[in-house]
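Here is how the chains run, residue by residue.
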Amino acid sequence: MTCRALMEEVQYDVTKARQTKIKVGSFRINPDGTQARKKISLAQSEAFRTELLETVCERMNDYRLEEDPVTKEKTFKRFAPRKGDKIYKEFKKFFFHSDAYRPLKFACETIIEEYEDEIFSLIAQETHYLADKLCNENSDLCDTSNHTEL
């Protein structure tokens, strides 16, 4: 469950960052007077990916645990609007904080610590459906037979 919430946040930021291009390369001038610089998407920037993984778990407070009334399956769903949403300014006037979500943040940080290289690789490969790739294919984090912890 935590893996999906984490990767949904990562996917959101990566999708936005793919729309922005930045120049990378050396500032060194070649003998012919040119510079070896090229444009890449912001999501391909190592600095962007590093900062994303350092800050994404802070957003776990924006999720709440929900239980499907029919299947009784528990999942984390985002309840808070994102920056840029029309109601974001009004929503931020209220203060939501609970120690109940500390385990979610801790689990998020643990996943990043253990799977950082895989997450970096998936973003670099411009993989879509990051949650499916990491949580189901590259790890056993969403193995339905192993739901003993967040």
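Here is what the cut-offs are and how they apply
- Residues numbered from 1 in each chain as written.
- Predicted model: local features only at pLDDT ≥ 70, side-chain atom pairs only at ≥ 80, totals over all residues.
- Heavy atoms only, no water.
- Buried < 20%, exposed > 50% of the residue type's maximum accessible area, 1.4 Å probe, protein only.
- Helix = DSSP H or I, 4+ residues; strand = E, 2+ residues; numbered from the N terminus.
- Pairing = 2+ DSSP bridges.
- Arc of directions from axis to C-beta.
- Contact = heavy atoms within 4.5 Å.
- Polar contact = N/O pair within 3.5 Å; in protein donor to acceptor, adjacent residues only side chain to side chain.
- Patch = residues over 30% accessible without salt bridge, like charges linked within 9 Å, V, L, I, M, F, W, Y side chains within 5 Å.
- Areas by Shrake-Rupley, 256 points an atom, 1.4 Å probe, with all protein chains shown as cover.
- Salt bridge = Lys/Arg side-chain N within 4 Å of Asp/Glu carboxyl O.
- Lys, Arg positive; Asp, Glu negative; His and termini not counted.
- Charge placed at Lys NZ, Arg CZ, Asp CG, Glu CD.
- Bend = angle between axes of the 7 residues up to and from the residue.
- Disulfide = S-S within 2.5 Å.

Examining the pairing of strand E1 (residues 21–29)
The element E1 is barely covered by neighbouring structure, given that only zero of its nine residues are classed as buried. Note: E1 against strand E2 (residues 35–41), six bridges, orientation antiparallel. Across the sheet, the residue bridging to valine 24 is lysine 38, located in E2. The hairpin formed by E1 and E2 contains five residues between the paired strands, and glycine 33 there has a positive phi angle of roughly 90°.

Points about helix H2 (residues 46–55)
An α-helical turn contains 3.6 residues, so any two residues separated by three or four positions project in the same direction. Residues Phe48, Arg49, Leu52 and Leu53 constitute the buried set of H2. An end-on view of H2 places all buried positions within 125° of arc, on one side of the element. When the buried face of H2 is taken as reference, the exposed residues oriented beyond 90 degrees from it are Glu46, Ala47, Glu51 and Glu54. Residues of H2 that are buried in the fold lie against helix H1 (2–18) and helix H4 (102–124). Between the side-chain oxygen of the N-cap and the backbone nitrogen of alanine 47 there are 3.3 Å, and the N-cap of H2 in question is serine 45.

Quick notes on a positive patch on the surface
Taken together, the side chains of Lys21, Lys23, Arg37 and Lys39 make up a positively charged region of the molecular surface. Residue assignment for the positive patch shows that the elements contributing at least two residues are E1 and E2. By the element assignment, lysine 21 lies in strand E1. Its relative accessible area of 54% is what places lysine 21 among the exposed residues.

Focus on H4
In H4, a bend of some 80° at tyrosine 115 exceeds every other bend along the element. Restricting attention to buried positions, one finds in H4 the residues Leu104, Ala107, Cys108, Ile111, Ile112, Tyr115, Ile119, Phe120, Leu122 and Ile123. Where H4 is buried, its residues touch H1, H2, strand E3 (63–67), strand E4 (74–78) and helix H5 (130–137). At the exit of H4 stands glutamate 126, carrying a positive phi of roughly 55°.

Here we look at the state of the cysteines
As used in these notes, a disulfide is a covalent bond between sulfur atoms, one from each of two cysteines. Applying the stated criterion across every chain, the model contains two disulfides. A disulfide bridge connects cysteine 3 with cysteine 135, and the sulfur atoms are separated by 1.9 Å. Across the S-S bond of cysteine 3 and cysteine 135 the torsion is about -90°, and the bridge reads as left-handed. Of this pair, cysteine 3 sits in helix H1 while cysteine 135 sits in helix H5, and the two are 132 residues apart along the sequence. Of the two residues examined, cysteine 3 and cysteine 135, each falls in the buried class. Through a disulfide, cysteine 57 is tied to cysteine 108; the S-S separation comes to 2.0 Å. Taking the torsion about the sulfur-sulfur bond, which here is approximately -85°, the covalent link between cysteine 57 and cysteine 108 counts as left-handed. Taken together, the positions of cysteine 57 in the loop between H2 and E3 and cysteine 108 in helix H4 put the pair 51 residues apart, joining distant regions of the chain. Considered together, cysteine 57 and cysteine 108 belong to a single accessibility category, that of buried residues. Taken in sequence order, the bonded cysteines of the chain link in the pattern 1-4, 2-3.

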